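Residue-level structure breakdown
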Amino acid sequence: MNKEWQQCVKCGMTYDLNNVVYQCTCGSMLEIARDPAIFQKITKDQFKSRRLSTKDIDRSGVWRFREFICEASAPHAVTHPEGNTNIYQRDELSIFGAVDNLWFKHEGENPTGSFKDRGMTVAVTQAKKIGLSFVGCASTGNTSAALAAYAAQAGLKAVVFIPDGKISTGKLAQALAYGAHCIAVQGDFDTAMTLVQEAGRDCGMYVVNSINPFRPEGQKSIIFEVLEFFDYESPDWIVVPAGNLGNTSAFGKAVLELYNAGWIKKMPRIASVQAEGANPFFKSYKNNFAKLEPIKAETYATAIRIGNPVNFEKAYKVIQSTNGVVEEVTDHEITIAKQTIDRSGIGCEPASASSLAGVKKLVAAGIMKKHEKVVCILTGNILKDTDAILKSSTNAVKVFSGDLKKLKELLAAL
Ligand SMILES: *Cc1c(COP(=O)(O)O)cnc(C)c1O
């Protein structure tokens, strides 16, 4: 069995895998580490062929990579299964982004409609494995939907803290439907996050936000799948919407592990894209990552409406080590990109479209090149935020008044 443990990203202090700990005594974040020899023991074909199995842990796009995620958890896996999402290419989107070789990995195709399922299956599995019965998170919506579903499957009590009035109806409805206890917090996501950390300390609640090192391990599988799809020929860029910076951190860890193991010859560059009204990471990037100044976040892309991202410490190193960039886009740019993705027949929620909006901007700035291979991550499903669609759509419902002649004229004029 693969040896795994928790390790501080700064001082290197190690903790047993089953210790409930979110932070090193030195104050820095933890990550899951493993004996690198594992990369010599498993083959690319083994990972791929598991997809043909009928067992849930093999059919999961997360657990089929279990030796690189958390092998000790696999026998306990609470899996839907999730992952194995599609990757798309569409001419009109390549034209919009001004990149010929542009791809879209659709994480909205996960069981609860966002990539959050990939981290949640690992975190909830860990809770179950060590005998915990109470799990919770702060959420802009998708994390709560994912937690609610996986906690329901595992039979755990789940509490989600959401910023009052600031998450989409669909996401809130999902959490309620799956049976989670929902607490609306006066304030924003960042306020909710602080409360959750306190509940983790004082109320025996297992915190499954991305400060929990098991979450990013699951999210690494997005990158494993992308690289597997391209036969481990790295794309030039991976472009990801950035809020709490969990994906940015996880993606960096994934590419670094595969690069160090010699599975990929080239490191893809990671581009994190923030909404202009929720851009503390972008501001810090412009300042050579001197420090992160928390801000009061505002954007219609509620999934990335975060002013004080908890994964900053991991994420800035990812941008540095992958020769990556951070970009910002306006809500208007996100809306136009989303309408283009929707009209291509693919569809996504607002935050997801910041990836394509970011591509367009990075190409215009000469940072990204037309001939490069670029993969955008679409983080959430089109149905996650129908309010946003109805508010901004240029396509209105036409009313049938009862006059058949008028209806026929209308149809002829379409
Ligand atoms: C959570 C979420 C994000 C932000 O991801 P981070 O890992 O927090 O940066 C982006 N888009 C969607 C749809 C999300 O649910």
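Preceding block: the structure.
What comes next is a walk through the structure. (Residues numbered from 1 in each chain as written. Predicted model: local features only at pLDDT ≥ 70, side-chain atom pairs only at ≥ 80, totals over all residues. Heavy atoms only, no water.)

Regarding the overall build of the protein chain
A tally of helices and strands in the protein chain yields 16 helices and 13 strands. Its C-alpha atoms give the protein chain a radius of gyration of 21 Å, near enough to 22 Å, the size a compact globule of 414 residues would have. Along the first, second and third principal axes, the C-alpha set of the protein chain runs to 75 × 50 × 45 Å. Pairs at least 24 residues apart make up 69% of the contacts formed inside the protein chain by residues separated by at least 6 positions. Of the roughly 16,700 Å² that the protein chain leaves accessible, carbon and sulfur atoms contribute 53%. Seen as two clouds, the 48 positive and the 43 negative side-chain charges of the protein chain have centres 1 Å apart. (Helix = DSSP H or I, 4+ residues; strand = E, 2+ residues; numbered from the N terminus. Rg over C-alpha atoms; globule rule 2.2 N^0.38 Å. Contact = heavy atoms within 4.5 Å. Areas by Shrake-Rupley, 256 points an atom, 1.4 Å probe, with all protein chains shown as cover. Lys, Arg positive; Asp, Glu negative; His and termini not counted. Charge placed at Lys NZ, Arg CZ, Asp CG, Glu CD.)

Considering the sheet that holds strand 2 (residues 14-15)
The strands making up a sheet are joined through hydrogen bonds of the backbone, oriented either antiparallel or parallel. The strand order across the open sheet formed by 3 strands is 2-1-3, and the pairing between neighbours is antiparallel. Two strands close off the open sheet at either side, each with one partner strand: strand 2 and strand 3 (30-34). As defined by bridge partners, strand 1 (residues 4-8) adjoins strand 2 across 2 bridges and the pair is classed as antiparallel. Considered in strand 2, the bridge of Gln-6 is made with Tyr-15. (Pairing = 2+ DSSP bridges.)

Observations regarding the site of the ligand
Near the ligand you find 15 residues, and of these Lys-116, Asn-142, Gly-243, Asn-247 and Thr-379 are the closest. Take Lys-116: an N or O atom from its side chain is 2.7 Å from an oxygen atom of the ligand. Gly-243 places a main-chain nitrogen or oxygen 2.8 Å from an oxygen atom of the ligand. Protein contact buries 96% of the 380 Å² of open area that the ligand shows by itself. Along the lines of polarity and charge, the residues of the shell around the ligand split into 6 nonpolar, 7 polar and 2 charged. (Near = heavy atom within 4 Å. Polar contact = N/O pair within 3.5 Å; in protein donor to acceptor, adjacent residues only side chain to side chain. Nonpolar A, V, L, I, M, F, W, Y, C, P; charged D, E, K, R; others polar.)

Some thoughts on the packing of aromatic side chains
Tallied over the entire structure, the rule returns 18 aromatic pairs. A centroid spacing of 4.1 Å and a plane angle of 40° characterise the contact between Phe-39 and Phe-68, whose relative ring orientation is tilted. Note that Phe-39 is positioned in helix 1 (residues 38-41) and Phe-68 in the loop between helix 3 (56-59) and strand 4 (87-88), a separation of 29 residues in sequence. We classify Phe-39 as buried; its relative accessible area is 8%. For the pair Phe-47 and Phe-68, a centre-to-centre distance of 4.9 Å together with 85° between the ring planes defines the contact as edge-to-face. Taken together, the positions of Phe-47 in helix 2 (residues 44-49) and Phe-68 in the loop between helix 3 and strand 4 put the pair 21 residues apart, joining distant regions of the chain. (Phe/Tyr/Trp six-rings, centres within 6.5 Å; stacked < 30°, edge-to-face > 60°. Buried < 20%, exposed > 50% of the residue type's maximum accessible area, 1.4 Å probe, protein only.)

So, the sheet that holds strand 5 (residues 101-106)
Pairing in this open sheet of 6 strands is mixed, and the strands run 4-5-13-10-11-12 from one edge to the other. In this open sheet, the two edge strands, each paired with only one partner strand, are strand 4 and strand 12 (325-329). Here strand 5 runs beside strand 13 (residues 373-378); their pairing, made up of 6 bridges, is parallel. Looking at the pairing, Phe-104 lines up with Cys-376 of strand 13.

Looking at helix 12 (residues 312-321)
Taken residue by residue, helix 12 has Phe-312, Glu-313, Lys-314, Ala-315, Val-318 and Ile-319 as its buried positions. Elements that come into contact with the buried residues of helix 12 comprise strand 3, helix 9 (214-229), helix 10 (246-260), strand 11 (269-275), helix 11 (280-286) and strand 12. Just downstream of helix 12 lies Asn-323, where phi reads positive at about 55°.

Quick notes on unusual backbone geometry
In the segment running from His-80 into Pro-81, the intervening peptide bond is cis, with an omega of 5°. Within the secondary structure, Pro-81 sits in the loop between helix 3 and strand 4. The residue Asn-84 is not glycine, and still its phi comes out positive at about 50°. With respect to the secondary-structure elements, Asn-84 resides in the loop between helix 3 and strand 4.

Some remarks on the side chain of Ser-60
Note that Ser-60 resides in the loop between helix 3 and strand 4. A relative accessible area of 0% means that Ser-60 is categorised as buried. Polar contacts involving the side chain of Ser-60 include one to the side chain of Glu-82, which spans 2.7 Å. Excluding its chain neighbours within four sequence positions, the residues that come into contact with Ser-60 are Thr-79, Pro-81, Glu-82 and Asn-84.

Brief notes about the state of the cysteines
Applying the stated rule across the entire model yields 0 disulfides. Unpaired in this structure, Cys-11 has its nearest cysteine sulfur neighbour in Cys-24, at a distance of 3.6 Å. Of all cysteine sulfurs in the structure, the one in Cys-137 sits closest to Cys-182, which takes part in no disulfide; the separation is 9.3 Å. Using a relative accessible area of 26% as the deciding quantity, one classes Cys-182 as partly exposed. (Disulfide = S-S within 2.5 Å.)

Overview of the pairing of strand 10 (residues 237-241)
Strand 10 sits mainly inside the fold: 5 of its 5 residues count as buried. Pairing between strand 10 and strand 11: 5 bridges, direction parallel. In the sheet register, Pro-241 faces strand 11, and the bridge partner there is Val-273. Handedness of the crossover is the feature at issue here: the chain leaves strand 10, passes through helix 10, returns alongside strand 11, and the resulting connection is right-handed. When strand 10 meets strand 13, the two strands line up parallel, connected through 3 bridges. Residue pairing in the sheet places Trp-237 in a bridge with Val-374 of strand 13. (Right-handed = clockwise from strand over helix to strand, strands pointing away.)

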